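# Observations on the three-dimensional arrangement
Here is what each chain is made of, one letter per residue.
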Amino acid sequence: MNTPVVATPNPVQTARVLLKELQEKFAVFRDYLPLAIGIDKQLIARLPELNRKTLRIALGMHTNSLRYLKGMEKATVRFDLDGNHADEVTEVHRTHASETLRERFKKNAEQRKAQRVAEAAQLAAEKAARQHAEKLSQLTAKFSRTRS
């Protein structure tokens, strides 16, 4: 007896959908404003049907996004779900955002450099293979001539 295979939704995809919904419902998400500490509790109070794990993943995606981190670098105030000032952004949090961005940019630059090196090596290998094939072709032509 075959039982139907039920596809379980990917938690990351589910979190992306949730994040999109949060951006539609709340300007603080849409505008990438610094979120109040404990925003997860505010969200669960307003939307009790939320899956906590999915919410945690969605909040992680949002707070690690480039736009959010860039905003946090210069921010002085955090906001609640209604867009009201909640608490201050500490220097520690601004520094953390700056360091995270710097590390990310450095890592991306290293990846781009490695990609360029790999592409250059690939081109060099292709050129060497073409030259080798040409040389073989010349040798074959030279020794396959009929001798009179």
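Here, every reference points to the structure presented above.
Description of the structure in this document. The shown structure was predicted, so the numbers you read here are calculated from the model rather than taken from an experiment. Position numbers for residues count from 1 along each chain, tracking the sequence in the order it is written. Local features in a predicted model are, by the rule used here, given only for residues with pLDDT of at least 70; side-chain atom pairs are given and counted only at 80 or more, and totals for whole chains, interfaces and linings are based on all residues. Derived side-chain values reflect all non-hydrogen atoms in the structure, with water molecules and hydrogen atoms excluded from consideration.

Another point: a nonpolar patch on the surface. Judged by side-chain polarity, Leu136, Leu139 and Phe143 come together as a nonpolar surface patch covering roughly 310 Å² of accessible area. Numbering goes from the N terminus for both helices and strands, where a helix is a DSSP run of H or I of at least four residues and a strand is a run of E of at least two. For Phe143, the location among the structural elements is in helix α6 (residues 91-143). With relative accessibility at 56%, the residue Phe143 sits in the exposed group. Like charges within 9 Å and nonpolar side chains (Val, Leu, Ile, Met, Phe, Trp, Tyr) within 5 Å are joined into patches, using only residues over 30% in relative accessible area that form no salt bridge. The Shrake-Rupley method, run with a 1.4 Å probe, gives the accessible areas here. Residue values count only the displayed protein chains as cover. Between Lys or Arg on one side and Asp or Glu on the other, a salt bridge is scored when a side-chain nitrogen of the former is within 4 Å of a carboxyl oxygen of the latter. Summary of the burial criterion: residues with accessible area below 20% of their type's maximum are buried, those above 50% are exposed, and those between are partly exposed, where the area comes from a 1.4 Å probe applied to protein chains only.

Another point: unusual backbone geometry. Unlike most non-glycine residues, Tyr32 shows phi in positive territory, near 55°. By secondary structure assignment, the location of Tyr32 is in the loop between α2 (27-30) and α3 (39-46).

A few words now on the packing of α3 against helix α4 (residues 52-63). Axis separation between α3 and α4 bottoms out at 11 Å; the angle between their running directions is 135°. As summarised for this structure, α3 and α4 are arranged oblique, according to the angle between their axes. Our pair here, α3 against α4, has a crossing hand that is right-handed. Facing α3, whose interface residues are Ile39, Asp40, Leu43 and Ile44, α4 presents Arg52, Leu55 and Leu59. Structural elements are reduced to axes, namely lines fitted to C-alpha atoms, with helices fitted over the stretch in contact, and the angle between N-to-C directions of any two is expressed from 0 to 180 degrees. In these notes the angle categories are as follows: under 35 degrees is roughly parallel, over 145 is roughly antiparallel, 65 to 115 is roughly perpendicular, and the rest is oblique. What makes a crossing left-handed is the near helix being turned counterclockwise from the far one by less than a right angle; a clockwise turn instead makes it right-handed. In what follows, a contact means two residues having at least one pair of non-hydrogen atoms within 4.5 Å.

What follows is about the packing of helix α5 (residues 66-74) against α6. Any two packed helices are characterised by how steeply their axes cross, that is the angle between the axes, and by the distance between the axes. Interhelical geometry of α5 versus α6 gives an angle of 135° and a closest axis separation of 8 Å. On the basis of the axis angle, α5 is oblique to α6. Handedness of the crossing formed by α5 with α6: left-handed. Only His93, Arg94, Ala97, Ser98, Thr100, Leu101, Arg104 and Phe105 of α6 make contact with α5, whose side of the interface consists of Leu66, Leu69, Lys70, Met72, Glu73 and Lys74. Residues belonging to the contact of α5 with α6 are distributed by class as follows: six nonpolar, three polar and five charged. Gly falls in the polar group here, along with every residue not listed as nonpolar (Ala, Val, Leu, Ile, Met, Phe, Trp, Tyr, Cys, Pro) or charged (Asp, Glu, Lys, Arg).

What follows concerns α4. Relative to the 16 Å expected for 12 residues at 1.5 Å per residue, α4 spans 16 Å between its end C-alpha atoms, a close match to the ideal helical length. Buried within α4 we find Thr54, Leu55, Ala58, Leu59 and His62. Considered in projection along α4, the buried side chains sweep an arc of 135° and stay on one side of the axis. Structural note: α4 exposes Lys53 and Arg56 on the side pointing more than 90 degrees away from its buried face. Of the surrounding secondary structure, the elements contacted by the buried residues of α4 are α1 (11-25), α2, α3 and α5. Put simply, Asn51 is the residue that caps the front of α4, since its side-chain oxygen is 2.8 Å from the backbone nitrogen of Lys53. Residue count minus one, scaled by 1.5 Å, sets the expected span of a helix. The directions considered for the arc are those from the helix axis to the C-beta atoms. Each polar contact in these results corresponds to two N or O atoms within 3.5 Å; when the atoms are within protein, one needs to be able to donate a hydrogen and the other to accept it, and residues that are neighboring in sequence are counted only if both atoms are side-chain atoms.

So, on to the environment of Glu24. Within the secondary structure layout, Glu24 lies in helix α1. With relative accessibility at 58%, the residue Glu24 sits in the exposed group. Separated by 15 residues in sequence, Glu24 and Pro9 have C-alpha atoms that sit 22 Å apart.

What follows covers α5. All of the buried residues along α5 are Tyr68, Leu69 and Met72. All buried residues of α5 lie within an arc of 95° about the axis, which places them on one face of the element. Residues Arg67 and Lys74 are exposed on α5 and point more than 90 degrees away from its buried face. Each element contacted by the buried residues of α5 is listed here: α4, β1 (77-79) and α6.

Keep in mind that these numbers describe shape and distance, not what the molecule does.
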